[in-house]
Amino acid sequence: MSAEPSLPHHRLPAAGVLELIRGEGGSETLDFLLGAERSRRLLLLRILDDITDLGPAWDLISRAQRHAPQVVEDLLMYPQTGMWLATVLRRLRGAAAVEEPPLSVVLGHAGALAASAGLRAGLDFAIDVPVWHGRVPLPTLGCAVLPVREPWGTATVRAQDGRAVLEVPGATVAVPFPPGSSGPHWHPVRRVVVGPEGRRLDIALDDSDPYRTYPPPTEPQPLSDEAAALWREFLGRAWAVLLDEQPATADAMRRSWLSLTPTAARERFRPRSVTSGDAFGGIEASEPDDATQLAVTLVHEFQHTKLGGLLHLTPLLTRDTSASPQLWYAPWRDDPRPLDGLLQGIYAFMGITAFWRTHRAAAAEGDALAHFEFALWRIHVTTAMEQIHRHPRFTPLGAALLEALRERAAQWQSEPVPEDCLALARLCAQDRLARWRAHHRQPPAPAVDDAVRAWLDGADTPPSSLAAEPGTVPDPSARWLDSLSVLARYRLADTDDDGTPRDAAEKTAARVAGALTADALLAAGDATAARDAYVSHLATDACPAGAWAGLGRALAMAGTDAAAARLLCHHPERARAVHQALLRTTGTAPDPIHLGTWLGSTEQ
């Protein structure tokens, strides 16, 4: 591949900077980010060749560039190429995970890229490529299935006079042409084209490239025709939503979304999606519940893509030189997050909030779920931003970005939301924060010991030392902290539950991983039943940490036991820590409301 005489210096125009720091970004700005990404990949490819000498692969790619430069350009900018370049360079630096393939296989992917370039350019050649558990992936084209038992191996791609085959000892598979064609033992990369002329989304539905998953590479897993048809239908409907409700965003998206990696459906209201700054233009997403959810996912990951492109040009944070990085509450994660991770989430969920703000105006009248989502996410992003406002690690541009996002979110606060949806959103936001505290905030151990002694001695109030600032200690058991929000979505989206309130709550809770029956009762507004159910949960030896937060919310909703309600809503970690210590010391669990009332007796 011939090197360019020089690469341009990429300086984002002021208008583009302004768009991005507001969480926006039009088509011209995205074109600029793509240009910068192109230069970055050329540099990485040059570095890799300097380190390893790509040999035949480099020679074949160079031939393809001379004959069909656009083919090589498309392969260079394919998201999976960026992911592979980052992966192989990290491996060469010694950063290897146990589950990753051998380095020879990762390096050998250069041959697969070269083969794709040669095939698409119509060249004659022969080159070796890696075999992944009997499958041979060729980027942007598809993968062959060979009768090979070994997990890793090598096949040869031969092309001559417009015909191509993949060979291993004892087996040959023809590579169909043009790209996208099917054939025996060959699965093509499907392309999905949706939308009207001039506003189309043309995206690869990639199920075969090993570097389509972020970050660890995985073997090809071809979709069935039925699954591919379902994805095509979802994408068509989601794209129609975006064209109708966010046309400027959709126009920028269609320039930057190049591939989508489909994964299996997950629990309802809990989709999974991933992007990587190394794979600009690619997205990995689980099969959605519906088109609206997929539209939200596309917006969410588009935000990450834009911010990743900006970060390749300029830092938003200074380097963290502390021995123990500070961790923060991220309302969309179960685990505490470092500052850079929290900023990524803020940027992404500002986009989600903006989506629901627009969608609730376009949705059918009385769409309570859309109102709830808008209210919930505007609370969440505001909570996250207020934690880190004026943090000293922000660069001037980073500080300007956060300030612009805060101003935008502040404008949304005055927009009316139906009172019942707003109240439910506040309940879910407060509950999630309290559950996070119950798991990850830890009072000083000496203060907990003092509280245990005071309780056993019959003291009227807990020691003042328990009010000291708790530390943040990640709790690996923290999962499904969004359970109440998911239960609320069931309540707003479904109207077919029947039976007694308790039966309905148990039925709903059974559908939501991590949810307690008490949580479903709380989401349904039955405070008294929820309180009793939480007390029962907390009477067990293995009482769930989130039940302390739920009990506080139930008491507050019921208007009883005010001291316990205050303590458990704002500092459930104190109750959890003292309760566990008392259980270890005495072998008997104290009454949770009595304990909460005692611990909260000094709270105002």
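Residues numbered from 1 in each chain as written. Predicted model: local features only at pLDDT ≥ 70, side-chain atom pairs only at ≥ 80, totals over all residues. Heavy atoms only, no water.

Peer 1: Which parts of the structure should I look at to understand the overall build of the chain?
Peer 2: In terms of helices and strands, the chain carries 22 helices and 14 strands. Carbon and sulfur atoms provide 51% of the accessible area of the chain, an area that totals close to 25,800 Å². (Helix = DSSP H or I, 4+ residues; strand = E, 2+ residues; numbered from the N terminus. Areas by Shrake-Rupley, 256 points an atom, 1.4 Å probe, with all protein chains shown as cover.)

Peer 1: I keep staring at the packing of aromatic side chains and nothing clicks. Help me out?
Peer 2: Aromatic rings considered in pairs are described by the distance between their centres and by the relative angle of their planes. Taken as a whole and judged by the stated rule, the model has nine aromatic pairs. With centroids separated by 5.3 Å and ring planes inclined at 80°, the aromatic side chains of Trp132 and Trp152 adopt a geometry described as edge-to-face. Within this pair, whereas Trp132 is found in strand 1 (residues 125-132), its partner Trp152 is found in strand 4 (residues 152-160), the two being separated by 20 residues in sequence. Its relative accessible area of 2% is what places Trp132 among the buried residues. Classification of Trp152 as partly exposed rests on a relative accessible area of 30%. (Phe/Tyr/Trp six-rings, centres within 6.5 Å; stacked < 30°, edge-to-face > 60°. Buried < 20%, exposed > 50% of the residue type's maximum accessible area, 1.4 Å probe, protein only.)

Peer 1: I keep staring at helix 2 (residues 27-52) and nothing clicks. Help me out?
Peer 2: One full turn of an α-helix is made of 3.6 residues, so residues set three or four places apart face in the same direction. A rise of 1.5 Å per residue sets the reference length of helix 2, with its 26 residues, at 38 Å; its end C-alpha atoms lie 37 Å apart and thus fit the reference within 8%. Count one or two residues on from helix 2 and you reach Asp53, which has phi positive near 60°. (Expected span 1.5 Å × (residues − 1).)

Peer 1: Please clarify how the nonpolar core should be interpreted in this entry.
Peer 2: For soluble globular proteins, nonpolar side chains are generally found buried alongside one another. Leu242, Trp332, Ile346, Leu401 and Tyr534 are the most contacted members of the largest nonpolar core, which has 127 residues in total. Here this core takes twelve residues from helix 10 (residues 339-362), the largest share from any one element. The residues touching Trp332, leaving out its near neighbours within four places in the chain, are Leu342, Gly345, Ile346, Phe349, Trp377, His380, Val381, Ala384 and Arg432. Within the second largest apolar cluster, 53 residues are counted, among which are Ala64, Leu141, Val157 and Val173. (Core = buried A, V, L, I, M, F, W, Y, C linked by side-chain atoms within 4.5 Å. Contact = heavy atoms within 4.5 Å.)

Peer 1: Would you mind going over the side chain of Ser181 with me for this structure?
Peer 2: Take Ser181: it is sitting in the loop between strand 6 (171-174) and strand 7 (186-188). A polar contact is formed between the side chain of Ser181 and the backbone oxygen of Pro178, at a distance of 2.6 Å. When neighbours within four sequence positions are excluded, Ser181 is seen to be in contact with Pro176, Trp186 and Pro188. (Polar contact = N/O pair within 3.5 Å; in protein donor to acceptor, adjacent residues only side chain to side chain.)

Peer 1: What exactly am I supposed to notice about the pattern of salt bridges here?
Peer 2: Two side chains with opposite charge may pair up if their charged atoms get near one another. Here the structure, examined in full by the defined rule, presents 39 salt bridges. Of the charged contacts in the structure, one is a salt bridge between Arg333 and Asp335, with a shortest N-O distance of 2.9 Å. As a salt-bridge pair, Glu403 and Arg406 come within 3.2 Å of each other at their nearest N and O atoms. Here Glu403 and its partner Arg406 are both found in helix 12 (residues 396-412), three residues apart, which amounts to about one turn of the helix. Judged by relative accessible area, which is 18%, Arg406 ranks as buried. If you follow the salt bridges from partner to partner, you end up with Glu37, Arg40, Arg41, Arg90 and Asp278 in one network. (Salt bridge = Lys/Arg side-chain N within 4 Å of Asp/Glu carboxyl O.)

Peer 1: In this structure, what is going on with the pairing of strand 3 (residues 142-145)? I would like to understand it.
Peer 2: Note on strand geometry: in a regular strand, side chains alternate between the two faces of the sheet. Looking at chain direction, strand 2 (residues 135-138) and strand 3 are connected through four bridges and run antiparallel. Bridged to Arg135 within strand 3 is Val145. Hairpin connection, strand 2 to strand 3: the antiparallel pair is bridged by three residues, and Thr140 has positive phi, about 70°. Looking at chain direction, strand 3 and strand 7 are connected through three bridges and run antiparallel. Opposite Cys143, over in strand 7, you have His187 as the bridge partner. (Pairing = 2+ DSSP bridges.)

Peer 1: How should I be thinking about unusual backbone geometry in this particular structure?
Peer 2: A negative phi holds for most residues other than glycine; trans holds for most peptide bonds. At the junction of Phe177 and Pro178, the peptide bond is cis and its omega measures out at 10° in the coordinates. With respect to the helices, strands and loops of the structure, Pro178 is situated in the loop between strand 6 and strand 7. Cis geometry is found at the peptide bond from Tyr214 to Pro215, where omega equals 0°. Note that Pro215 resides in the loop between strand 9 (201-205) and helix 7 (225-245). Residue Asp161 is not a glycine yet carries a positive backbone phi of 55°. Here Asp161 shows up in the loop between strand 4 and strand 5 (163-168). Of note in this structure, Phe269 is not a glycine but carries a positive phi near 70°. With respect to the helices and strands, the residue Phe269 is situated in the loop between strand 10 (259-263) and strand 11 (273-274). A relative accessible area of 14% means that Phe269 is categorised as buried.

Peer 1: Looking at this structure, how should I read the environment of Ala505?
Peer 2: Inspection of the secondary structure puts Ala505 in helix 16 (residues 501-510). The spatial distance from the C-alpha of Ala505 to the C-alpha of Ala524 is 7.7 Å, given a sequence separation of 19 residues. Apart from the residues within four sequence positions on either side, Ala505 is in contact with Thr517, Ala520 and Leu521.

Don't take any of this as a statement about function, it's just geometry.
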